[in-house]
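# Examination of the molecular architecture
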Amino acid sequence: MITEKAYAKMNLFLNVTDRRPDGYHDIESVMHAVDLFDLVNVKVKESGNSIITVETDAAELSFSEKNLAYIAAEKYTTKYGIKDEIKITLDKKIPIGAGLAGGSSDAAATLRALDIIYKKSNTEELLSLALEIGSDVPFCLVGGTAHCLGRGEVITPLCVKDKLCFVVAIGNERISTPKAFAELDARYGENFPDNTEMCQEMLAALCQGETISPFLYNVFEEVTNICSVKQIKETMIKNGAERTLMSGSGPSVFGVFKTHTDAQNAAESLLSLGYFACVAESVGDANITL
Ligand code: C5P
C-alpha cells in the first residue's frame, strides 16, 4: 500500500484576469501548500478487471464517480491500460468545499501514488491528466509554493525563504465555485482589476523572507458576503493576526501570524465559537521538481 499526503492549498494571491472562450477564467495566483493534510492510501490487486473503490471517513463526501480521487484513478488506469482492483482510502482532515483544494489534492495524491506503484507516467503526462481533473490539481500535484497562470496549470515553482505560520478556519456555509466566478463576471464584465504589480511584490517578499501581509489579495473577497467570514477575520485580528484573507473562492479564511503562540490562541478562540480552525505552517518542499 502507498500512502501519500494530500496537502491543503491556500491562495496567498488570487486574481482573475480574463474570461476564456472555453468557459473557464484565466487567473494569476500564488498557491501555497500548508501542512493541513488528508492521507490518501492506495492499494492495488491484480485482477484483470478494472474495479476502483473509494472509501472515506468523511460522511459528507460523495463516494460516487464524481469523487476526484476516483476520477484520478479512472483517468490514470484508462490512459495506461491498467486493469486491476484499486482501493483508495481517504483519511480526511481538510474541510470539504472550503476553497482549500482538498478534493483536488486527494486527486493529485492519487496520481502520485499510482505512479509510484505502476511507474507508467512522466511529469508532463501527469500534469496533463491533473488538468483534466480540475484547475487546482496541477498545482496540488507539484506542491510547495508556485506562481500560477492560465487556469492554474502554468506553474512556476518558487523558493520561499521562511516557513510561514497561519490559522485556517471555516464556518458551515459553502460557496459554489462556478457561482463565485459568475458573480465576478457580473461585477467586472471584461475588465478585471489589474494587480500584476502587487503579485510581483508578493513573489519578491516570499523569496526574500519579508512580510507578505501587504500583498495578500483575493478578488473573490469582493463578491463574498458571508457572516462567518467576517466573524472569523475579526477573531483572528483580535488574536494578533497580521492580515487575514479568504482562500480560493471561499469561504475558508486564513490569518498570517508572527508567532505560533498567537496562532494557537486564535485557533482556540475560533474553536470555542464553533468554527473549524487549526494552525498550519508552510510545507516548503515541492512533491515534484519541474
Ligand atoms: O476546474 P474546476 O473543475 O475546479 O472548476 C470548477 C468551476 O469553476 C468551472 O466549471 C468554472 O465554472 C470555474 N472555474 C473558472 N476558471 C478557473 C477555474 C474554475 O471559471 N480557472
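Residues numbered from 1 in each chain as written. Predicted model: local features only at pLDDT ≥ 70, side-chain atom pairs only at ≥ 80, totals over all residues. Heavy atoms only, no water.

Neighbouring the ligand are Gly23, Tyr24, His25, Gly134, Ser135, Arg151, Thr177, Pro178 and Phe181. At 2.7 Å from an oxygen atom of the ligand is found a side-chain nitrogen or oxygen belonging to His25. Here Ser135 contributes a side-chain N or O atom positioned 2.6 Å from an oxygen atom of the ligand. For the ligand, whose accessible area on its own is 450 Å², the fraction buried by protein is 72%. Placement of the ligand is best described as lying within the largest pocket. It is helix H5 (residues 177–188) that provides the largest number of residues to the shell around the ligand, a total of 3 residues. Looking at the shell around the ligand residue by residue, the class counts come to 3 nonpolar, 5 polar and 1 charged. (Near = heavy atom within 4 Å. Polar contact = N/O pair within 3.5 Å; in protein donor to acceptor, adjacent residues only side chain to side chain. Areas by Shrake-Rupley, 256 points an atom, 1.4 Å probe, with all protein chains shown as cover. 1 Å grid on protein atoms, 1.4 Å probe; cavity = no way out; pocket = protein on both sides within 12 Å on 5 of 7 lines; lining within 4 Å. Sits in = over half its atoms within 2 Å of the grid points. Helix = DSSP H or I, 4+ residues; strand = E, 2+ residues; numbered from the N terminus. Nonpolar A, V, L, I, M, F, W, Y, C, P; charged D, E, K, R; others polar.)

In this section: the layout of surface pockets. Taken as a whole, the largest pocket encloses approximately 1,000 Å³ of empty space. If you go around the largest pocket, you meet 39 residues; those closest to its centre are Leu68, Ala101, Ser104, Asp136 and Thr177. Counting residues per element, the ones that place at least two in the lining of the largest pocket are strand S1 (2–19), strand S2 (25–46), helix H1 (68–79), helix H2 (102–118) and H5. Taken together, the residues of the lining of the largest pocket sort by class into 17 nonpolar, 16 polar and 6 charged. Considered as a void within the structure, the second largest pocket measures approximately 250 Å³ in volume. Around the second largest pocket sit 17 residues that line it, and Lys163, Leu164, Thr211, Val256 and Phe257 are the ones nearest its centre. For the lining of the second largest pocket, the elements supplying multiple residues, two or more each, are helix H6 (196–208) and strand S10 (253–257). Per-class residue counts for the lining of the second largest pocket are 8 nonpolar, 3 polar and 6 charged. (Points joined across faces, edges and corners; volume = space filled by probe spheres on them.)

Just distances and angles here, no functional claims.
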